[in-house]
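# Observations on the model geometry
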Amino acid sequence: MNKLFRAKIIKNEQLTKDIYLLCVESPDEIQSKPGQFCLLKLNQRLDPLLSRPFSIFDHVSGEIKFLYRVKGKGTRILSTFKKDDYITLSGPFGRWYPFPQGDFIVIAGGIGLASVYYLMKRFPKRAYLFYGVREEREILFYDELREITKEMYISTEMECPYTYKGIVTELVKEKCKNLSLPIYACGPMVMLKELKKVVKESQVCYVATEERMACGVGACLGCVIETKEGFKRVCTDGPVFDIRELLL
Amino acid sequence: MIPSLEVKIGNLTFKNPVLTASGTFGYGLEYSQFVDLNLLGGVVVKGLSLRPKQGNPPPRIYETACGMINSIGLQNIGFEAFKNEKLPFLRKYKTNIIVNFFGENLDEYIEIAYLLDSLEDVHALEMNVSCPNKTTEWRKMGLEPELLRKAVKEVRAVTKKTLIVKLSPQVTDIALMAKICEDEGADAVSLINTIPAMVIDIKTRKSMLGTPTGGLSGPAIKPIALRAVWETVQAVKIPVIGIGGIVSAEDALQFLIVGAKAIQIGTANFINPRATVEIIEGIKQFLIEENIKDINELIGSFIQ
Ligand SMILES: Cc1cc2nc3c(=O)[nH]c(=O)nc-3n(C[C@H](O)[C@H](O)[C@H](O)COP(=O)(O)OP(=O)(O)OC[C@H]3O[C@@H](n4cnc5c(N)ncnc54)[C@H](O)[C@@H]3O)c2cc1C
Ligand SMILES: Cc1cc2nc3c(=O)[nH]c(=O)nc-3n(C[C@H](O)[C@H](O)[C@H](O)COP(=O)(O)O)c2cc1C
Ligand code: FES
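Cut-offs applied
Residues numbered from 1 in each chain as written. Chains lettered and ligands numbered in written order. Predicted model: local features only at pLDDT ≥ 70, side-chain atom pairs only at ≥ 80, totals over all residues. Heavy atoms only, no water. Contact = heavy atoms within 4.5 Å. Buried area = accessible area lost by both parts, 1.4 Å probe. Salt bridge = Lys/Arg side-chain N within 4 Å of Asp/Glu carboxyl O. Polar contact = N/O pair within 3.5 Å; in protein donor to acceptor, adjacent residues only side chain to side chain. Helix = DSSP H or I, 4+ residues; strand = E, 2+ residues; numbered from the N terminus. Near = heavy atom within 4 Å. Areas by Shrake-Rupley, 256 points an atom, 1.4 Å probe, with all protein chains shown as cover. Nonpolar A, V, L, I, M, F, W, Y, C, P; charged D, E, K, R; others polar. Buried < 20%, exposed > 50% of the residue type's maximum accessible area, 1.4 Å probe, protein only. UniProt positions renumbered as here; feature names shortened; annotations may be inferred. pLDDT = per-residue confidence, 0-100. Axes fitted to C-alpha atoms, helices over the stretch in contact; angles between N-to-C directions. Parallel < 35°, antiparallel > 145°, perpendicular 65-115°, else oblique. Left-handed = near helix turned anticlockwise from the far one by under 90°.

### Some thoughts on the interface of chain A and chain B
Across the contact, 30 residues belong to chain A and 38 residues belong to chain B. Surface buried jointly by chain A and chain B totals about 2700 Å² across both partners, of which 65% is contributed by carbon and sulfur atoms. For the pair chain A and chain B, the number of links is 1 salt bridge. With a shortest N-O distance of 2.7 Å, Arg52 of chain A and Glu63 of chain B are connected by a salt bridge. Across the contact surface, chain A and chain B share 7 residue pairs in polar contact (both at pLDDT 80 or more). Counting only elements with at least two residues in the side of chain A that touches chain B, the list comes to strand S7 (86-93) and strand S15 (230-233) of chain A. The element contributing the most residues to the side of chain A that touches chain B is S15 of chain A, with 3 residues.

Below, the structure is given as structure tokens:
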């Protein structure tokens, strides 16, 4: 009965213009799996009111990391937290990625990397990573990713000498004609929609989804997404779903 | 000396006046990882209808300054699934179980109230007459005095359980509506439900929600709720349960002082999943500091 905790911030580092890495101390009893998320409380005041959901980017003993992009007022406040400040969080919540049996494909669109990094790290040297970003300077953790993946392909929307130019799903189509490995993906809705077109009915493809949340525990019914079986809650029935289940 | 926090509503005793508000605490299970439900005065579950209901398209929530707007649309699992899948868990706890219910028409209100009456572990019924979608005549029962009168009378006739009527703030005179409930035999009234509200994306010129409007809740509505409770308390003898924007013991105490017999905690559960128990503890501390032995001495002690 204790998934709500105050944690000391180890660092809150700015990586690009708007992307930050937040590392907090975590109590020993907290256990997590790749694909799960936490709710971060931004202040003790009433505006912003609701906590914000963030994927667990990485979890090593005593430390949980979050990778986030500043979007609005909540994440802007989050970016002002300093080392040694305290933050209240709850979790981990949600369903995780079903563990891959062998090699697997990962597709990360931009900040979507936050959800799949932990999975690749947990199963090192087994992921074929397809990582799509807008421009070269948004490529994060290049060396680490090289280290933990089996193969890595990067696409950028803007011209860059070392990468494929275009959107990441095009790159996947080009490279994976014959690969029938399970796919794990996280990225913006447009990417998931494209992916749904690419994936064959027979292919296993898990995607992490997003919707605005209030409670994070399945109580408010605020975070629903449309599936073949009607509305399901992203926070407890997801955030990871089989793409074939979703009406995107 | 530990002060007494016990209050009575109808023939029901509550170990303390802190209940959860419908739709913000699921079926209890969801928050049992944070809160020992035995500590609560009562758990009011998500609004229930005869048959399962899909609710509105997403997005369903949007945050506003010190509040949130929701357009859930009363999604729920329906009577049978509640009885078979949710009640067995809830009945293990020593707390009052209150089922919030509604229907698409008056017959459905009557039928579900009748069915709920037969469930031993349900202690009270909370009749939601403030459905946000006002397309049919009966959806207006929270707004039109004569429709409300008929509805409460007919529902009262089919249940002996403690009957609470939950009122909408969207009327000129909420005390008048409460008086009607009292006249027709309701044991208590609870107020307020969410306040109809809107939010627009100026680029797309569309609603930020999946529907044009939703219901505003949270600290932003507290002063409005407090005033509504105060007006109602003066008009009726039956207990009034205060709801709206309560996030702290101090908020809760304000409602008790103006005369609420109990209070419900809604949106605050989302902000702090342990809000209910922290508020109970805060109320207890206040009574100790003020040397008040029984919470009933505080209730209605407002000085004009
Ligand atoms: C399960 C889950 C995991 C997430 N993991 C991460 C993560 O690891 N890193 C990360 O950077 N972001 C993540 N997000 C998105 C993140 O929660 C939102 O970006 C954040 O809540 C925005 O808060 P804000 O106060 O800054 O923005 P607001 O001021 O509330 O809104 C600014 C903009 O962000 C959009 N927005 C608000 N809430 C969400 C939301 N829940 N999802 C998507 N867009 C939203 C709004 O529509 C608006 O356009 C995740 C979301 C979910 C549901
Ligand atoms: C997400 C959500 C769902 C709700 N669902 C119901 C419901 O099913 N039935 C009902 O009578 N009230 C419902 N309400 C209204 C609350 O019970 C309460 O009256 C309102 O939110 C005001 O209290 P608060 O400001 O403490 O949240 C809901 C409110 C919210 C925020
Ligand atoms: S956020 Fe409340 S049900 Fe998912």
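### Observations regarding the site of ligand 1
All names here are of chain A. In the vicinity of ligand 1, 19 residues are found, and the nearest of them are Arg52, Pro53, Arg69, Gly74 and Thr75. The contact in question runs from an oxygen atom of ligand 1 to an N or O atom on the backbone of Lys73, over 3.2 Å. If ligand 1 stood free it would expose 850 Å²; the protein chains cover 79% of that surface. Within the residue set of the shell around ligand 1, elements represented by two or more residues are strand S4 (52-55), strand S6 (63-69) and helix H1 (73-78). Of the residues contributing to the shell around ligand 1, the split by class is 8 nonpolar, 4 polar and 7 charged.

### Details of the site of ligand 2
Around ligand 2 lies a shell of 24 residues, among which Ser22, Lys166, Gly218, Gly245 and Thr267 of chain B are the nearest. Per-site note: the chains with residues close to ligand 2 are chains A and B. Note that an oxygen atom of ligand 2 is positioned 3.0 Å from one of the side-chain N or O atoms of Lys46 of chain B. A distance of 2.8 Å is found between an oxygen atom of ligand 2 and a backbone nitrogen or oxygen belonging to Gly218 of chain B. Looking at side-chain class alone, the shell around ligand 2 contains 7 nonpolar, 15 polar and 2 charged residues.

### Description of unusual backbone geometry
Peptide bonds are, in most cases, trans, and in most cases residues other than glycine have a negative phi. Along the chain, Gly91 of chain A connects to Pro92 of chain A via a cis peptide bond; the corresponding omega equals -5°. Tracing the backbone shows Pro92 of chain A in strand S7. For the bond running from Pro58 of chain B to Pro59 of chain B, omega is -5°, close enough to zero to count as cis. Checked against the element boundaries, Pro59 of chain B lands in the loop between strand S4 (42-48) and strand S5 (61-64). The phi angle at Cys66 of chain B is positive, at roughly 55°, despite the residue not being glycine. When its relative accessible area of 27% is taken as the criterion, Cys66 of chain B is described as partly exposed. Although it is not a glycine, Arg205 of chain B sits at a positive phi angle of roughly 60°. With respect to the helices, strands and loops of the structure, Arg205 of chain B is situated in the loop between strand S12 (200-201) and strand S13 (206-207). On the basis of relative accessibility, which here comes to 72%, the residue Arg205 of chain B falls in the exposed class.

### Side note on the UniProt feature "transmembrane region" (unreviewed entry) in chain A
Mapped onto the present numbering, the UniProt feature "transmembrane region" (unreviewed entry) falls at residues 104-120 of chain A. The span residues 104-120 of chain A is 47% helical and 35% strand by assignment, and the distance between its end C-alpha atoms comes to 9 Å.

### Re the confidence of the model for chain B
On average, residues of chain B score 95 in pLDDT, and 98% of them are at 70 or above. We note a pTM of 0.95 for the whole complex and an ipTM of 0.94 for its interfaces.

### Section: the packing of helix H3 (residues 145-156) of chain B against helix H4 (residues 174-183) of chain B
All names here are of chain B. Running from amino to carboxyl end, H3 crosses H4 at an angle of 25°, the nearest separation of the two axes being 9 Å. Classified by the interaxial angle, the pair formed by H3 and H4 is roughly parallel. In the crossing of H3 with H4, the sense of the turn from one axis to the other is right-handed. Residues Pro145, Leu148, Arg149 and Val152 of H3 form the contact with H4, whose own contacting residues are Leu176, Met177, Ile180, Cys181 and Asp183. Here the residues of the contact of H3 with H4 sort into 7 nonpolar, no polar and 2 charged.

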